[in-house]
Amino acid sequence: MASRQQPPWLKPTAKPVPVLKFQNSLTKTKTEFIPQSGRRVTWYNCGPTVYDASHMGHARTYLTMDIIRRVLQDYFRYDVLFVQNVTDIDDKIILRARQQYLFGSLKKETQQLNEKVIEQTQEAWSEFAAAKLKKLDESMLQLALNNWPEFVSKMTPEEIAKATAADEKFKMIYSALDTSYKAIEKAKNNLANGINTKEAVDQLLDSSQDTVSTWLDVRKGSQVNDPKVFRDLPAYWEDQFFQDMEALNVRAPDIQTRVSEYIPEIVDYVQKIIDNGYGYVVDGSVYFDTARYDGHNGHHYAKLEPWSKGDTALIEDGEGSLGSKLQGKKNSSDFALWKASKPGEPVWDSPWSQGRPGWHIECSVMASAVLGQTMDIHSGGVDLAFPHHDNEIAQAEAHFDCHQWVNYFLHAGHLHVEGQKMSKSLKNFITIQEALKTYSARQLRLFFLKHQWDAKMDFKKTSMDETIQIEQTIKNFFDNVKALVNKVKLDGSRGANELPDGNVTHRFRQIEIELLQILSDKQDAVHAALCDSINTPLAMDEIMDMINQTNKYMSSNAKSINTHLLNKVAKWITSMLKTFGVADQGTDIGFGVSGSNSNQNALSSFRDQVRQGARQKLEHVEFLKMCDSLRDNQMVELGVSLDDQEGL
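Scoring rules and cut-offs
Residues numbered from 1 in each chain as written. Predicted model: local features only at pLDDT ≥ 70, side-chain atom pairs only at ≥ 80, totals over all residues. Heavy atoms only, no water. Helix = DSSP H or I, 4+ residues; strand = E, 2+ residues; numbered from the N terminus. Buried < 20%, exposed > 50% of the residue type's maximum accessible area, 1.4 Å probe, protein only. Contact = heavy atoms within 4.5 Å. Areas by Shrake-Rupley, 256 points an atom, 1.4 Å probe, with all protein chains shown as cover. Lys, Arg positive; Asp, Glu negative; His and termini not counted. Charge placed at Lys NZ, Arg CZ, Asp CG, Glu CD. Pairing = 2+ DSSP bridges. Domains from an automatic or database assignment. Patch = residues over 30% accessible without salt bridge, like charges linked within 9 Å, V, L, I, M, F, W, Y side chains within 5 Å. Salt bridge = Lys/Arg side-chain N within 4 Å of Asp/Glu carboxyl O. Core = buried A, V, L, I, M, F, W, Y, C linked by side-chain atoms within 4.5 Å. Axes fitted to C-alpha atoms, helices over the stretch in contact; angles between N-to-C directions. Parallel < 35°, antiparallel > 145°, perpendicular 65-115°, else oblique. Left-handed = near helix turned anticlockwise from the far one by under 90°. Nonpolar A, V, L, I, M, F, W, Y, C, P; charged D, E, K, R; others polar. Phe/Tyr/Trp six-rings, centres within 6.5 Å; stacked < 30°, edge-to-face > 60°. Polar contact = N/O pair within 3.5 Å; in protein donor to acceptor, adjacent residues only side chain to side chain.

Looking at this structure, how should I read the overall build of the protein?
For the protein, the count of helices and strands is 23 helices and 16 strands. For the protein, the residues scored as buried account for 48% of the 648 residues in total. Pairs at least 24 apart in sequence give 75% of the contacts found in the protein among residues at least 6 apart. Approximately 32100 Å² of the protein is accessible, and the part contributed by carbon and sulfur atoms is 50%. With 74 positive and 86 negative side-chain charges, the protein shows a spacing of 3 Å between the two charge centroids.

Here you go:
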């Protein structure tokens, strides 16, 4: 008699799958990602110092980290708490705000061209030249100061290259001086010819803004004490930054912090570092004692770049132009936690002085205030690794007296332009807005995806041309899928093949089995690539190969495709592009169309073209071209397939 009991259940054997690893700057290796709290990930990203337009170097960091964040959230399904700061107190901001205010005041009060303003502009020019050209040979410096036209004549490409080798900012300095010199000469001629209008003096000052602003700051900078001056500039550029991020489709942070709003927390944090024995006060400023900290109680200074310890140039750059020469430090590698302010600088109260926070302490405090004693991820540009990030780590671990404040440190790689470091002096400085005039946000994101996030990236035209071709290949794929699927919907076959005897059969044949296996392999390969420190270049290669394989399937089976399988492939590719931020979240197949009134917009645009063509009395062939464009582009993108019928 047969048994009435269930037979034994055989436990499936799972094949091994890769685990997510990150290239961790704290180990310089790929280490397995293990969040502290299961699926919840805490992440602090160094935000912008807002005093000027955001450029492609900023995009390298923020767009890169946005891609990683999306992969963690939308692919690996982690619950990410993403915190990002805005630095609105900084030496660069103070100088720029002060100089901009003084220059604007001078322009406002100077209503006509006169000898006095020309003399002042000449004096500003001479002081700027003497200060900025001091790296030149003495003979060339004196020639520049005494006979600028002759100096210019001697500036052959070889001499410019020589000067640039001595000072990488030479070209920018040279351009500013030459522009101002020509404006001064023109102003003299204008005045001699009786032209002393407001327009004439504004031309002189605008062309000499770099030299005059510096000159004014030396003489009047200490008199600027209105806090509003130091708030308005960063507020404006903060707004511009987030507009740029929105234009790039970068997700806003979950929590945004602003330095000016965390002064009490900064003061308390610094006091705790002093109490723990790692800070000391000198003349109202507070310094971090690197010698006392390094090696004491298991602490290590410069965890990220120990080889950069004692690099005076990097240390002074990290202290800021208003604080790089601060006196009273015990060791040259010590850095400011709190700076006693001088006249012409914003101030806040503290137990040590009226002053302002040092740059490095700001991020330590804001990150700790939101995320606590430890965090899973800290990120930023690789140029910030030392001293900024190393000092952040030291401050936090000195404050909490812990040994690992950050578990994974991610650094976005450098961005070069046409093989060179991006620099205003090299005239290859590209703002995000300028880049978006040439390329779409989607094209820029695709370009970033084709480069590993922690490697150097060369932003060049030939690479962007290749990216545009990739975008077109993907778009053509989606268009073809939509057109074929819609055709099957309309042809009455219901996706089956009719046999000679009148019966029907399915369309899941050997060729579909092979395509399904390719899809499975590509899904595994993309997963492995993303586990390998979010290797988006490899993932994109696998996706593009999936597109190529599917294109072959469509071209050889256009009349008998399996729409279910084709939809599955296209939806998977779309889902990956959504994950990367390339495709709109609301679309099933394709890049998607922004806006909710896409049908109306497409037809409204077509109507406008027809009306304009009629007014211009265009030939009938031009109207046919408009119809073809509507059929082949807008309608396909909207999922509508239109077939031309002979005789109609």
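Whenever I open this one, the sheet that holds strand β14 (residues 457–459) confuses me. Can you help?
Paired through backbone hydrogen bonds, the strands of a sheet run either parallel or antiparallel to each other. Spatial ordering of the open sheet is given by β13-β12-β14, a layout of 3 strands whose pairing is mixed. Both edges of this open sheet fall to β13 (420–421) and β14, since each of them pairs with a single strand only.

Before we go on, may I ask you to explain the domain arrangement of the protein in this structure?
Note on interface size: it is often stated as the accessible area lost on association of the parts. In terms of domains, the protein is made up of domain 1 (21–89 + 251–458), domain 2 (92–227), domain 3 (461–580) and domain 4 (597–638). Computed over C-alpha atoms, the centres of domain 1 and domain 4 are 51 Å apart.

It is not clear to me how a nonpolar patch on the surface should be interpreted in this structure. Could you clarify?
Nonpolar side chains collect at one region of the surface, where Phe 508, Ile 513 and Leu 516 lie side by side and expose about 230 Å² of accessible area between them. Positionally, Ile 513 belongs in helix α19 (residues 510–531). Under the relative-accessibility criterion, Ile 513 is labelled partly exposed at 40%.

Can you walk me through the nonpolar core in this structure?
For soluble globular proteins, nonpolar side chains are generally found buried alongside one another. If you look at the biggest cluster of nonpolar residues, it comprises 79 residues, and the most contacted ones within it are Phe 22, Met 56, Ile 573 and Phe 580. What Ile 573 contacts, discounting residues up to four positions off in sequence, is Phe 477, Phe 478, Ile 543, Met 546 and Ile 547. One finds Leu 102, Phe 103, Trp 125 and Leu 216 within the second-largest nonpolar core, a separate group that totals 45 residues.

Explain the packing of helix α7 (residues 170–192) against helix α8 (residues 198–207) here, please?
Two quantities define a packed helix pair, namely the angle between the axes and the distance from one axis to the other. Where α7 contacts α8, the two axes come as close as 8 Å, and the packing angle between them is 160°. Here α7 is positioned roughly antiparallel relative to α8, judged by the angle of their axes. In this structure, the crossing between α7 and α8 has a hand that is left-handed. Here Thr 179, Ser 180, Ala 183, Ile 184, Lys 186, Ala 187 and Asn 190 of α7 come into contact with α8, specifically with Ala 200, Gln 203, Leu 204 and Ser 207. Among the residues forming the contact of α7 with α8, the class breakdown is 5 nonpolar, 5 polar and 1 charged.

Sorry if this is basic, but what is going on with the packing of aromatic side chains here?
Two aromatic rings are characterised by how far apart their centres lie and by the angle between their planes. Under the counting rule described, the total for this entry stands at 28 aromatic pairs. Centroid distance Phe 22 to Phe 33: 5.2 Å. Interplanar angle 85°. Geometry classified as edge-to-face. Within this pair, whereas Phe 22 is found in strand β1 (residues 21–24), its partner Phe 33 is found in the loop between β2 (29–32) and β3 (40–45), the two being separated by 11 residues in sequence. Given a relative accessible area of 0%, Phe 22 falls into the buried group. Since its relative accessible area comes to 5%, Phe 33 is described here as buried.

Sorry, what's going on with the environment of His 564 here?
Along the chain, His 564 falls in helix α21 (residues 563–579). Each C-alpha atom, one on His 564 and one on Arg 507, is 9.7 Å from the other, the two residues being 57 residues apart in sequence.

How do you make sense of the pattern of salt bridges when you look at a structure like this?
Pairing of side chains with opposite charge becomes possible as their charged atoms draw close. In total, this model carries 33 salt bridges according to the counting rule given. Residue Glu 471 pairs with Arg 442 through a salt bridge whose shortest N-O separation is 3.4 Å. Taken together, the positions of Glu 471 in helix α18 (residues 461–490) and Arg 442 in helix α17 (residues 441–449) put the pair 29 residues apart, joining distant regions of the chain. For Arg 442, a relative accessible area of 27% puts it in the partly exposed group. Connected via shared salt-bridge partners are Asp 91, Lys 339, Lys 342, Glu 345 and Arg 356.

Looking at this structure, how should I read the sheet that holds strand β9 (residues 355–357)?
Here we have 4 strands laid out as an open sheet, ordered β6-β7-β8-β9, and antiparallel in their pairing. Only two strands of the sheet have a single neighbouring strand rather than two, namely β6 (279–282) and β9. The average angle at which neighbouring strand axes cross in this sheet is 20°, direction not considered. As paired elements, strand β7 (residues 285–288) and strand β8 (residues 335–340) share 3 bridges and run antiparallel to each other. Bridging across to β8, Val 286 finds its partner in Trp 338.

I tried to follow the environment of Trp 338 on my own but got confused; where do I start?
Assignment of secondary structure puts Trp 338 in strand β8. A relative accessible area of 0% places Trp 338 in the buried class. Side-chain polar atoms of Trp 338 contact the side chain of Ser 350, separated by 3.2 Å. Here Ser 353 takes part through its side chain, which lies 3.3 Å from a polar atom of the side chain of Trp 338.

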